[in-house]
Amino acid sequence: MDVRGVAAIVTGGASGLGAATANALAKAGAKVAVFDVNEDGASATARIFGGIGFRCDVTDDASATQAFEAAAKAHGAARILVNCAGIAPGKRIVGRDGPMPLAEFKRVIDINLIGTFNMMRLAAAGASKLDPIDGERGVIVSTASIAAFEGQIGQTAYAASKGGVAALTIPAARELAQFGIRVMGIAPGIFGTPMLTGLPQETQESLGASVPFPARLGDPQEFAELVLFIVRNRYLNGEVIRLDGALRMAPR
């Protein structure tokens, strides 16, 4: 799909992979709406490239619906959705204080998996009513993680949520094919997002050295470039692409 003039939504766009993706889509000519639970952050990112930003709690039906309606009023129904909203807390199943609180596991699933599905269903409903462009109506790209395949100790909730995102990709692609909507996933490795760049420099270098090649943290711009490639390549559908420098996570 040619992104020029096309409405796009990026969740979790206030920082990290989402902010880089929103900026790249805008530079390529898309009309970008940035969604984030941090409304000020969403607006700040959008101001960089002249887009629009809205508060959106991806786990909440009313909040998400309201954000979609506001974005559609400004740009028209979105043909592109990039799901970047997510959290990555670490907690063992059984720790020093006993079993992991069930509410903490549920929260991760709520944001990372149910939030991704919530945005997917709303984007697909809107795009399905649009006229096709070169035979397709929309593209949805969701963010999984290599933890979906090699989750580490302490990542049970995160790995389960991202495994769900990966598993969601092919059935969603098969179902939405009738509308001409493609569904893809990206499983990033360790990237230079605020979660990691806030760590001591020696820790960042140690993490980067664990990547076979190139031996460094991923650049969010590299994630954004893959999103653009997926959107533009019409034969990519129903797949989760690892973007990790050949990294395979150790148990800890």
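Note that the coordinates shown come from a computational prediction; the quantities given were computed from them, not determined experimentally.

Scoring rules and cut-offs
Residues numbered from 1 in each chain as written. Predicted model: local features only at pLDDT ≥ 70, side-chain atom pairs only at ≥ 80, totals over all residues. Heavy atoms only, no water. Helix = DSSP H or I, 4+ residues; strand = E, 2+ residues; numbered from the N terminus. Buried < 20%, exposed > 50% of the residue type's maximum accessible area, 1.4 Å probe, protein only. Contact = heavy atoms within 4.5 Å. Areas by Shrake-Rupley, 256 points an atom, 1.4 Å probe, with all protein chains shown as cover. Lys, Arg positive; Asp, Glu negative; His and termini not counted. Charge placed at Lys NZ, Arg CZ, Asp CG, Glu CD. Pairing = 2+ DSSP bridges. Arc of directions from axis to C-beta. Core = buried A, V, L, I, M, F, W, Y, C linked by side-chain atoms within 4.5 Å. Axes fitted to C-alpha atoms, helices over the stretch in contact; angles between N-to-C directions. Parallel < 35°, antiparallel > 145°, perpendicular 65-115°, else oblique. Left-handed = near helix turned anticlockwise from the far one by under 90°. Nonpolar A, V, L, I, M, F, W, Y, C, P; charged D, E, K, R; others polar.

**Q** Which residues make up the overall build of the protein, and what are the values?
**A** Along the protein, the regular secondary structure elements total nine helices and nine strands. By principal-axis analysis of the C-alpha atoms, the protein measures approximately 55 × 40 × 35 Å. Taking all 252 residues of the protein together, 51% fall into the buried category. In the protein, the share of contacts with a sequence separation of at least 24, taken over all contacts with a separation of at least 6, comes to 71%. Carbon and sulfur atoms make up 55% of the accessible area of the protein, which amounts to about 12,000 Å² in all. Across the protein, the centroid of the 24 positively charged side chains sits 2 Å from that of the 23 negatively charged ones.

**Q** Could you give me a rundown of the pairing of strand E8 (residues 181-188), with the residues and numbers involved?
**A** E8 sits mainly inside the fold: eight of its eight residues count as buried. Going residue by residue along E8, you find Ile181, Val183, Gly185 and Ala187 tucked away on one face and Arg182, Met184, Ile186 and Pro188 tucked away on the opposite face as well. Note: strand E7 (residues 138-143) against E8, six bridges, orientation parallel. Considered in E8, the bridge of Val141 is made with Met184. One ladder, built from four bridges, connects E8 with strand E9 (residues 240-243); its direction is parallel. The residue bridging Ile186 from the neighbouring strand is Ile241, located in E9.

**Q** Describe helix H2 (residues 39-49), and please don't skip the residues or the numbers.
**A** Buried residues of H2: Gly41, Ala42, Thr45, Ala46 and Phe49, and no others. When H2 is viewed along its axis, its buried side chains cluster within an angular range of 130° and face the same direction. Exposed side of H2, more than 90 degrees from the buried face: Asp40 and Arg47 are the residues found there. Packed against the buried residues of H2 are helix H1 (16-27), strand E2 (31-36) and strand E3 (52-55).

**Q** Break down the nonpolar core for me, citing the residues and quoting the values.
**A** In globular proteins that are soluble, nonpolar side chains generally tend to be buried together. Formed by 34 residues in total, the largest nonpolar core has its most connected members in Val3, Leu25, Val32, Ile80, Val82 and Ile230. For this core, the secondary-structure elements that each account for two or more residues are strand E1 (7-11), H1, E2, H2, strand E4 (80-83), E7, E8 and helix H9 (220-232). The leading source of residues in this core is H9, at seven residues. Not counting chain neighbours up to four residues away, the residues in contact with Ile80 comprise Met1, Val3, Val6, Ala7, Ala8, Ile9, Leu25, Val139 and Val231. Counting residues in each nonpolar core, the second largest holds 29 residues, with Leu81, Met120, Ala173 and Val183 among its members.

**Q** Any chance you could break down the packing of H1 against H9 for me, citing the residues and the numbers?
**A** Taken N-terminus to C-terminus, the directions of H1 and H9 make an angle of 50°; their axes are 8 Å apart at the nearest point. With respect to H9, the axis of H1 lies oblique. In the crossing of H1 with H9, the sense of the turn from one axis to the other is right-handed. Across the interface between the two elements, Gly16, Leu17, Ala20, Thr21, Ala24 and Leu25 of H1 pack against Pro220, Gln221, Phe223, Ala224, Val227 and Leu228 of H9. Class assignment of the residues belonging to the contact of H1 with H9 gives a composition of nine nonpolar, three polar and no charged.

**Q** Give me the lowdown on the sheet that holds E4, citing residues and values where you can.
**A** Sheet architecture is open: seven strands sit in the order E3-E2-E1-E4-E7-E8-E9, paired in parallel fashion. Pairing within the sheet leaves two strands with one partner each, and these edge strands are E3 and E9. For this sheet, the mean inter-axis angle between neighbouring strands, taken without regard to orientation, is 20°. Pairing of E2 with E3, which is carried by four bridges, proceeds in the parallel orientation. If you follow Ala33 over to E3, its bridge partner there is Ile52. Across the sheet, H9 is in contact with E4, E7, E8 and E9; its angle to E8 comes to roughly 160°.

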